[in-house]
Amino acid sequence: MKNALKILLSLLLIAVLAVPIMAQGEARWRKNMILIYVPDHEYEPMMTNAFKEWEGKLRQKLQFYNYRASKLTNQKDSQAIIDIDVKFGSISGDEAKNGGFVSLQQAGSGAIRHAEITIVLKEDEKLLSDVEAKKKNDEEIKTIMLKQVGKAIGLGISQNPQSVMYDEIQENQVITPQDIENVFVLYNWPYYRPLKSK
């Protein structure tokens, strides 16, 4: 009886210690419903659309729910457990550029517990009067937002210059089929490539 108890405890200990080892891998969410908080801002609709674009491309395997829309309020409850928190900042000066960055908090198993996306917007008087400059600026911001959402779900940098995940922001970047496949692989979802039309 004593030996059986020792064996049982040993097996239990091995199982407990093995779980983190087996679960380790690249950072990703361990759930498919992600609560986001996008504050009231001029660029809030564009940021919300960036989440929705990823959601659609991923065939709703990850779903993003906006805390503000669900609570019908602009204020965040201090007790709310937000998965992805978005912040907007600004920068001015001759060398100012739009940009963004993501901060991830991970559990020991590699699971993402929380992400914070910061979108930095350049302040430029020219954007107030030049419609073409404003349009080009907004396209750049949209690309930055898509890239930051990609990083917040665990994607790394792409080598494809046409991808929003490419290291440098360029015109006409999109979420590529390879970006989508990379997410499916990261999350261990079955992936079926769309058939090419003849």
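Residues numbered from 1 in each chain as written. Predicted model: local features only at pLDDT ≥ 70, side-chain atom pairs only at ≥ 80, totals over all residues. Heavy atoms only, no water.

**Here's the deal with the packing of aromatic side chains**
(1) Moving on: Tallied over the full model, the rule gives five aromatic pairs.
(2) Moving on: Each residue in the set Phe 184, Tyr 187, Trp 189 and Tyr 191 is aromatic and connected to the rest through ring pairs, giving one cluster. (Phe/Tyr/Trp six-rings, centres within 6.5 Å; stacked < 30°, edge-to-face > 60°.)

**Thoughts on helix 6 (residues 177–186)**
(1) Moving on: All of the buried residues along helix 6 are Asp 179, Ile 180, Glu 181, Val 183, Phe 184 and Leu 186.
(2) Moving on: The secondary structure elements touched by the buried residues of helix 6 are helix 2 (44–57).
(3) Moving on: In the segment just after helix 6, Asn 188 is the residue with positive phi, at about 60°. (Buried < 20%, exposed > 50% of the residue type's maximum accessible area, 1.4 Å probe, protein only. Helix = DSSP H or I, 4+ residues; strand = E, 2+ residues; numbered from the N terminus. Contact = heavy atoms within 4.5 Å.)

**Side note on the nonpolar core**
(1) Moving on: Among the nonpolar cores identified, the biggest contains 39 residues, and Met 47, Phe 51, Trp 54, Phe 64 and Ile 84 are the most heavily contacted of them.
(2) Moving on: Residue assignment for this core shows that the elements contributing at least two residues are strand 1 (33–37), helix 2, strand 3 (84–91), strand 5 (112–122), helix 5 (131–152) and helix 6.
(3) Moving on: Residue contributions to this core peak at six residues, all from helix 5.
(4) Moving on: Apart from the residues within four sequence positions on either side, Phe 64 is in contact with Ile 34, Ile 36, Phe 51, Lys 52, Trp 54, Glu 55, Ile 84, Val 149 and Ile 153. (Core = buried A, V, L, I, M, F, W, Y, C linked by side-chain atoms within 4.5 Å.)

**Let's talk about the pattern of salt bridges**
(1) Moving on: Summed over the entire model, instances satisfying the criterion amount to seven salt bridges.
(2) Moving on: Residues Asp 83 and Lys 31 are paired through a salt bridge, measuring 2.8 Å at the closest nitrogen-oxygen approach. Taken together, the residues Asp 83 in the loop between helix 3 (67–71) and strand 3 and Lys 31 in the loop between helix 1 (2–23) and strand 1 connect sequence positions 52 residues apart.
(3) Moving on: With a relative accessible area of 38%, Lys 31 lands in the partly exposed category.
(4) Moving on: Across the salt bridge formed by Lys 87 and Glu 116, the nearest N and O atoms sit 3.9 Å from each other. Placement of the pair is Lys 87 in strand 3 and Glu 116 in strand 5, with a sequence separation of 29 residues. (Salt bridge = Lys/Arg side-chain N within 4 Å of Asp/Glu carboxyl O.)

**Observations regarding the confidence of the model for the chain**
(1) Moving on: On average, residues of the chain score 84 in pLDDT, and 79% of them reach the 70 mark or higher.
(2) Moving on: Per-element mean pLDDT across the chain ranges from 39 in helix 1 up to 98 in helix 2.
(3) Moving on: Long-range and interchain partners of residues 4–25, a stretch whose pLDDT sits below 50, account for five contacts in this model, where long-range means more than four residues apart. (pLDDT = per-residue confidence, 0-100.)

**Focus on the sheet that holds strand 1**
(1) Moving on: Taken in spatial order, the five strands line up as 2-1-3-5-4 in an open sheet, and their pairing is mixed. Strand pairing shows two members of the sheet lacking a second neighbour, strand 2 (63–66) and strand 4 (99–106), which therefore form its edges. Neighbour-to-neighbour, the strand axes of this sheet turn through a mean angle of 25°, independent of strand direction.
(2) Moving on: Bridge count between strand 1 and strand 2: four bridges; the pairing is parallel. Note that in strand 2 the partner of Met 33 across the bridge is Gln 63.
(3) Moving on: Packing of helix 2 onto the sheet brings it into contact with strand 1, strand 2, strand 3 and strand 5, and relative to strand 2 it is tilted by some 155°.
(4) Moving on: Contacts from helix 5 reach strand 2, strand 3, strand 4 and strand 5, with the element oriented near 10° to strand 4. (Pairing = 2+ DSSP bridges. Axes fitted to C-alpha atoms, helices over the stretch in contact; angles between N-to-C directions.)

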